Structures are given as structure tokens and as C-alpha cells.
Amino acid sequence: MSERLHPVGPERFRAVMGHFATGVAVITAVSSDDGPVGMTANAVCSLSLDPMLLLVCFDRTARTFPVVRATERFGVNVLSSGQEHLARLFATKVPEAQKFAEVPHTVHEGIPVLDGTLAWVGCRLERLVDGGDHEIGIGAVETAEIGDADEPLLWYRGAYQR
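Residues numbered from 1 in each chain as written. Predicted model: local features only at pLDDT ≥ 70, side-chain atom pairs only at ≥ 80, totals over all residues. Heavy atoms only, no water.

Trainee: Break down the pairing of strand 5 (residues 52–59) for me, with residues and values.
Mentor: In the sheet, strand 4 (residues 44–49) pairs with strand 5 via 5 bridges, with the strands oriented antiparallel. Within the sheet, the bridge partner assigned to Val44 lies in strand 5 and is Val56. Between strand 4 and strand 5, which pair antiparallel one after the other, the connecting turn spans 2 residues. Across 7 bridges, strand 5 lies against strand 10 (residues 134–146) in antiparallel orientation. Counted as the bridge partner of Leu53 is Ala140 from strand 10. (Pairing = 2+ DSSP bridges. Helix = DSSP H or I, 4+ residues; strand = E, 2+ residues; numbered from the N terminus.)

Trainee: Hey, could you go over the sheet that holds strand 4 for me, with residue numbers and the actual values?
Mentor: With respect to topology, 7 strands assemble into an open sheet ordered 3-2-6-9-10-5-4, the strand pairing being antiparallel. Two strands lie at the open edges of the sheet, namely strand 3 (35–41) and strand 4, each paired on one side alone. Within this sheet the neighbouring strands show an average axis-to-axis angle of 35°, counted without direction. Lying on the sheet, helix 2 (residues 64–71) is in contact with strand 2 (25–31), strand 3, strand 5, strand 6 (73–78), strand 9 (119–131) and strand 10; it crosses strand 2 at an angle near 60°. (Axes fitted to C-alpha atoms, helices over the stretch in contact; angles between N-to-C directions. Contact = heavy atoms within 4.5 Å.)

Trainee: Lay out the nonpolar core in plain terms, naming residues and giving numbers.
Mentor: One finds Ile27, Leu54, Val56, Phe58, Phe74 and Val76 to be the most contacted residues of the largest nonpolar core, which totals 18 residues. Where this core is concerned, the elements lending two or more residues are strand 2, strand 3, strand 5, helix 2, strand 6 and strand 9. When residues no more than four places from it in sequence are discounted, the contact partners of Val56 are Ile27, Ala43, Val44, Phe74, Val76, Glu135, Ile136 and Gly137. One finds Leu79, Leu86, Ala87 and Leu153 within the second-largest nonpolar core, a separate group that totals 11 residues. (Core = buried A, V, L, I, M, F, W, Y, C linked by side-chain atoms within 4.5 Å. Buried < 20%, exposed > 50% of the residue type's maximum accessible area, 1.4 Å probe, protein only.)

Trainee: Lay out the environment of Val16 in plain terms, naming residues and giving numbers.
Mentor: Structurally, Val16 can be placed in helix 1 (residues 10–17). When its relative accessible area of 42% is taken as the criterion, Val16 is described as partly exposed. Measuring from C-alpha to C-alpha, the distance between Val16 and Cys45 comes to 19 Å, with 29 residues separating the pair along the chain.

Trainee: Go over the sheet that holds strand 12 (residues 159–161) with me, naming the residues and quoting the values.
Mentor: Taken in spatial order, the 3 strands of this open sheet run 1-11-12, and their pairing is antiparallel. The open sheet has two free edges, formed respectively by strand 1 (22–23) and strand 12, since each of these has just one partner strand. With 3 bridges connecting them, strand 11 (residues 154–156) and strand 12 associate as antiparallel partners. Bridged to Leu154 within strand 12 is Gln161.

Trainee: Which residues make up the side chain of Thr28, and what values do they have?
Mentor: Its place among the elements puts Thr28 in strand 2. For Thr28, a relative accessible area of 0% corresponds to the buried category. Side chain to side chain, Thr28 and Asn77 meet in a polar contact 3.2 Å long. Contacts of Thr28, omitting those with residues within four sequence positions, involve Val37, Gly38, Phe74, Gly75, Asn77, Phe100, Ile111 and Pro112. (Polar contact = N/O pair within 3.5 Å; in protein donor to acceptor, adjacent residues only side chain to side chain.)

Trainee: Quick rundown of helix 2? Include the residues and the values.
Mentor: Because an α-helix packs 3.6 residues into every turn, residues spaced three or four apart end up facing the same way. Regarding helix 2, the residues found buried are Thr64, Phe65, Val67 and Val68. The buried side chains of helix 2 occupy one side of the element, clustering within an arc of 165° when seen end-on. Each element contacted by the buried residues of helix 2 is listed here: strand 2, strand 3, strand 5, strand 6, strand 9 and strand 10. Looking one or two places after helix 2, you find Glu72, whose phi comes out positive at around 60°. (Arc of directions from axis to C-beta.)

Trainee: Help me get a handle on the pattern of salt bridges, residues and values and all.
Mentor: Taken as a whole, this structure holds 8 salt bridges when the rule is applied. With its nearest N and O atoms 2.7 Å apart, the salt bridge here joins Arg60 to Asp130. You can see Arg60 sitting in the loop between strand 5 and helix 2 and its partner Asp130 sitting in strand 9, a full 70 residues away along the chain. Since its relative accessible area comes to 57%, Asp130 is described here as exposed. (Salt bridge = Lys/Arg side-chain N within 4 Å of Asp/Glu carboxyl O.)

Below is the structure:
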């Protein structure tokens, strides 16, 4: 005899999923009007090797999302354990120019690449899929690089971990 599953609310779902450790990334793009933009994300994963696809979940209210939608390009900067300050900065509503003013970065083929990251992937937006209060962006991988850092920054049980 099996137990019945019980309905779950958003708070319980968040608490349960918080037990799944994820990496932390800053998703970047360049606006033709405002320059570089970026947001912190932990809903990022490889999707396919043939063709090479990656997915990112964008909060519809994130300021980076309309730029990615318009330019159809984005970067995934995988943060290292020493970059918690970047995760916090890019999770704020600080104006984008302020976010990038003190952050060492280069622009690689129209996509901002943050210095010192664990890894970096550049994508062309292939399509967007409705995902409730988020849009799931599927990106065709155009470039992928490994950085010099050794340890990842993790998100686990509602806090940054090393």
C-alpha cells in the first residue's frame, strides 16, 4: 500500500527544492541603448549535446530578460567560490551601469564576460518557452571557456555556500 501524495504550497516547494544544491551564474547581455546588463541565476543547465543547447530560466520581471529577448544573445558566467559579492550585486535592482562600473569584464562578440569566473558560455537565443512566472530560454551554445578558478559558488538551502 502506498501513501497518497499531498498538495504542496509555494513555500514548501521552495524549501524542498532548496535542498538541491545548484551552481550560481550571472547571465549577461548588451543593450544597444544602455550597454551591459546582468542578473544572477541558479536555474541554468546543459540541455543537449547534439545540438549543443543550454537553458536559463528568466524571471519575467528581470531587466536583463528584455535585452536577451531583443538581442537574442546571452552569456552564462559561472561564478567561483570567491565571487559571492558578484552574485549579490547582480541580484539587486541597482542600475545596470552601476553594476558593471566596478566589475572587471570584457565584451566577447557582444556578450559581457566577467573576469575570474569558473567558466563561461556564450549563446544565441534559440527560443523561449512559457514556464509559469518565468520564461525558459533555450540557447544554442556558440562558445564555451574554462576559467582559472577552482571552486564553484553554490546555492543551497537559501544561502551561498562554498
